[in-house]
Amino acid sequence: PQPNPNPMATRAFVSHRAVMAAATGDTPAGKPRVVIAGAGVIGASTAYHLAANHGLRCTLYDQKGAGCAASGKAGGFLALDWCDGSPVGELARVSFAMHEELAKTLSLDSYRRLTCEAVAVDERAVVAAGGVAKPGNKKLERVQWADIGAVASRPMGTEETIAQVHPKRLTEAFLAAANEKVGTEVVLGKVEGVVADEVTGEVTGVVVDGETVPADVVVVAMGPWTHRASTWAPGMPKVILGQKYHAVLMRPERVLTQAVFFQGLGDPEFYPRGDGDVYVCAYPDSPNVVDEEPGEVEVRPDAVQRLVDVARAVSSEMKNAEVNGSGQSCHLPITQDGMPVMGAVPGTDGLYVATGHSCWGILNSPASGAAMAELIATGSVTCVKNFDAFSPKRFAR
């Protein structure tokens, strides 16, 4: 079943007078007026934790509404330890634990634990089989449903270390809870710039569709479109790329409980969901500066059909699976060094950035939002160790 429509996800403003009232009218005296540019999962998590942990209201501006890009079209795959050994490892571990608690707090029925297996396939055998398992064909041990051309497998995680959540429902739940707690709102509008005091360098507002909205704190969380903010302030990251992925939802006869990363046939990835859908993705484009508009990203039919074809080829259970919709695509935000960029933007007091999470944006959204909220509210971060590793200062050196 689909979730009830979230009115905040589609709430359009009528005039900028209404916008300014949303940004300033309900902010208690002595509390900063917080604006977040972008209502994806990172902006939404930041808004939620500002509300839940610090009692701070904010207004999020987005061209198309909540979770309109990768935050609504990603797979929602969560892994405890796949980032271990990197600066993102602590962020991932904290976030993984938070997801389970948030699922309870936010009543997310899409959250569940899974197993995960890497499966190597003989491409010639897959082609020869034509999507039909040979009579008497035995599945590999531990492999639940990948039964055509599979020659070897290895475990990539158990239910102790692997989970999933529906990304758009998570994003909307963050925003709905923030709205309920302190009146946080999502307003349709394109943020085009930041206004700062010429003398002090402090943020005084943002430009939305050509008009200035007062603000004391601005968080740029525009995903791969954050590159558009590179000229807003001297300390903003100059290069944020997007890597385009296509995906398709397919529904076999039974609900599967094992994610599979195939080795061969272009290395497709399969993420079964609790509602019966299986999310299939692969074949990314090369990273590039994104020139497509949010909510208007082209879906190439040939890329979607390639995913359907490979899904039908590697599993007899997927051969006759129903295709749910016409496919989708999104851009994952990537920085120059592959790590998220989060923190205060040097040179402009009150300006922050949070993006660049690549394929781990849904996984790392809880701790990223909690850390950004703590930084905004208190000036330091204690909930994630070594959070300074993600500072935009590293690109100014």
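Scroll up for the structure.
Residues numbered from 1 in each chain as written. Predicted model: local features only at pLDDT ≥ 70, side-chain atom pairs only at ≥ 80, totals over all residues. Heavy atoms only, no water.

## Re the overall build of the protein chain
We apply this condition: A run of DSSP states H or I qualifies as a helix once it reaches four residues; a run of E qualifies as a strand once it reaches two. Both are numbered from the N-terminal end. Radius of gyration: over C-alpha atoms. The globule rule applied is 2.2 Å multiplied by the number of residues raised to the 0.38 power. Only protein chains enter the accessibility calculation, which uses a 1.4 Å probe; a residue is then buried when its area is under 20% of its type maximum, exposed when over 50%, and partly exposed in between. By the convention used here, residues are in contact when the closest approach between their heavy atoms is within 4.5 Å. The accessible surface values rely on the Shrake-Rupley method and a 1.4 Å probe; as for residues, cover is taken only from the protein chains in view. Counting rule applied: Lys, Arg positive; Asp, Glu negative; His and chain ends not counted. Charged groups are reduced to one reference atom each: NZ for lysine, CZ for arginine, CG for aspartic acid, CD for glutamic acid.
If you tally the helices and strands in the protein chain, you get 9 helices and 19 strands. On C-alpha atoms alone, the protein chain measures out to a radius of gyration of 22 Å, which is about the 21 Å that the 2.2 N^0.38 rule sets for 397 residues. Within the span of the protein chain, comprising 397 residues, buried residues form 57% of the whole. Within the protein chain, contacts between residues at least 6 apart in sequence are counted, and of these 75% link residues at least 24 apart. A total accessible area of about 16,500 Å² is found for the protein chain, and carbon and sulfur atoms account for 50% of it. Charge-centre separation for the protein chain: the mean point of 35 positive side chains lies 3 Å from the mean point of 44 negative side chains.

## Some remarks on the sheet that holds strand S3 (residues 77-79)
To summarise the sheet geometry, strands pair through backbone hydrogen bonds and adopt either a parallel or an antiparallel arrangement. The cut-off we apply is this: What makes two strands pair is DSSP finding at least two bridges between them.
Strand order across the open sheet formed by 3 strands is S3-S7-S4, with antiparallel pairing between neighbours. Strand pairing shows two members of the sheet lacking a second neighbour, S3 and strand S4 (112-113), which therefore form its edges.

## Section: helix H6 (residues 167-182)
To keep things clear, this is the line we draw: To estimate how far a helix should reach, multiply one less than its number of residues by 1.5 Å.
With 16 residues, H6 extends 23 Å from end C-alpha to end C-alpha; this agrees with the ideal 22 Å at 1.5 Å per step. Listed as buried for H6 are Pro 167, Arg 169, Leu 170, Thr 171, Glu 172, Ala 173, Phe 174, Leu 175, Ala 177 and Ala 178. Structurally, H6 contributes buried residues whose contacts are with helix H2 (41-54), strand S2 (58-62), helix H3 (70-73), helix H4 (89-105), strand S8 (185-188) and helix H9 (361-378). Backbone geometry just after H6 places Gly 183 at a positive phi near 90°.

## Here's the deal with the environment of His 246
Mapped onto the elements, His 246 comes out in strand S13 (residues 241-251). A relative accessible area of 2% places His 246 in the buried class. Expressed as a C-alpha distance, the spacing of His 246 and Gly 157, which sit 89 residues apart in the sequence, is 25 Å.

## What to know about the nonpolar core
Here is the rule we go by: Think of a nonpolar core as a cluster: buried Ala, Val, Leu, Ile, Met, Phe, Trp, Tyr and Cys residues, connected wherever their side-chain atoms sit within 4.5 Å.
Membership of the largest hydrophobic core comes to 69 residues, with the highest contact counts inside it found for Ile 36, Leu 60, Phe 77, Leu 78, Leu 106, Phe 174 and Phe 387. For this core, the leading source of residues is H9, giving 9 residues. Sequence-distant contacts of Phe 174, defined by excluding residues within four places in its chain, comprise Val 41, Ala 44, Ser 45, Tyr 48, His 49, Leu 102, Leu 106 and Ser 365. In terms of nonpolar packing, the next biggest core, distinct from the first, is built from 28 residues, Val 203, Val 213, Ile 240 and Val 290 among them.

## Looking at the pattern of salt bridges
The test is simple: Salt bridges, as used here, are contacts in which a Lys or Arg side-chain nitrogen is within 4 Å of a carboxyl oxygen on Asp or Glu.
With the rule as written, the count across this model stands at 15 salt bridges. A salt bridge links Lys 104 to Glu 101, with the shortest nitrogen-to-oxygen separation between them at 3.9 Å. Within this pair, Lys 104 and its partner Glu 101 are both found in helix H4, separated by 3 residues, close to a single helical turn. Glu 101 sits in the partly exposed class, given a relative accessible area of 46%. One salt bridge in this structure joins Asp 275 and Arg 251, with 3.9 Å as the shortest N-O distance. Residue Asp 275 is found in the loop between strand S15 (269-272) and strand S16 (278-282), and its partner Arg 251 is found in strand S13; the two are separated by 24 residues along the sequence. One salt-bridge network, held together by shared partners, links Arg 251, Asp 275 and Asp 277.

## What about the pairing of S8?
Every second residue of S8 is oriented toward a common face, with Glu 185 and Val 187 on one face and Val 186 and Leu 188 on the other, all of them buried. Here S2 runs beside S8; their pairing, made up of 4 bridges, is parallel. When the bridges of S8 are listed, Leu 60 appears paired with Val 186.

## Brief notes about the packing of aromatic side chains
Formally: Two aromatic rings from Phe, Tyr or Trp, using only the six-membered ring of Trp, form a pair when their centres are within 6.5 Å; if the ring planes differ by under 30 degrees the pair is stacked, by over 60 it is edge-to-face, and anything between is tilted.
Counted by the stated rule, this structure contains 12 aromatic pairs. Here the aromatic rings of Trp 82 and Phe 261 are separated by 5.3 Å at their centres, their planes lie at 65°, and the arrangement is edge-to-face. Placement of the pair is Trp 82 in the loop between S3 and H4 and Phe 261 in strand S14 (residues 258-263), with a sequence separation of 179 residues. Judged by centre distance (6.0 Å) and plane angle (70°), the rings of Trp 145 and Phe 262 are edge-to-face. Taken together, the positions of Trp 145 in the loop between helix H5 (123-129) and strand S6 (150-157) and Phe 262 in strand S14 put the pair 117 residues apart, joining distant regions of the chain. Accessibility expressed as a relative area gives 0% for Trp 145, which makes it buried.

## Looking at the sheet that holds S15
As a reminder of what qualifies: Lines fitted to the C-alpha atoms define the axes, with helices restricted to the stretch that makes contact. Angles between their N-to-C directions range from 0 to 180 degrees.
Strand order in the open sheet formed by 7 strands is S6-S5-S14-S15-S16-S13-S17, and the pairing between neighbours is mixed. The sheet is open, and its two edges are formed by S6 and strand S17 (322-334), each paired on a single side. Shown here is a sheet whose adjacent strand axes are inclined to one another by a mean of 20°, direction ignored. Examined bridge by bridge, S14 and S15 share 2 bridges and lie antiparallel to one another. From the neighbouring strand, Val 260 faces S15, where its bridge partner is Phe 270. Against the sheet, helix H7 (residues 301-314) contacts S13, S14, S15, S16 and S17, and its axis sits at roughly 50° relative to S13.

## Things to note about unusual backbone geometry
One can expect most non-glycine residues to show negative phi and most peptide bonds to be in trans. Positive phi outside glycine occurs at Asp 267, with the angle close to 55°. With phi around 55°, Asn 386 is a residue other than glycine that occupies positive phi space. Looking at the secondary structure, you find Asn 386 in the segment after H9.

## Considerations on the packing of H2 against H9
Which entries qualify depends on this criterion: The labels follow the angle: roughly parallel below 35 degrees, roughly antiparallel above 145, roughly perpendicular from 65 to 115, and oblique for the rest. Less than a right angle of anticlockwise turn of the near helix away from the far helix marks a crossing as left-handed, whereas a clockwise turn marks it as right-handed. Side-chain classes follow a simple rule in which Ala, Val, Leu, Ile, Met, Phe, Trp, Tyr, Cys and Pro form the nonpolar group, Asp, Glu, Lys and Arg form the charged group, and the remainder, Gly included, forms the polar group.
The interhelical angle for the contact between H2 and H9, taken along N-to-C directions, is 50°, at an axis separation of 7 Å. As summarised for this structure, H2 and H9 are arranged oblique, according to the angle between their axes. For the element pair H2 and H9, the recorded crossing hand is right-handed. Tallied by class, residues from the contact of H2 with H9 come to 10 nonpolar, 9 polar and 1 charged.

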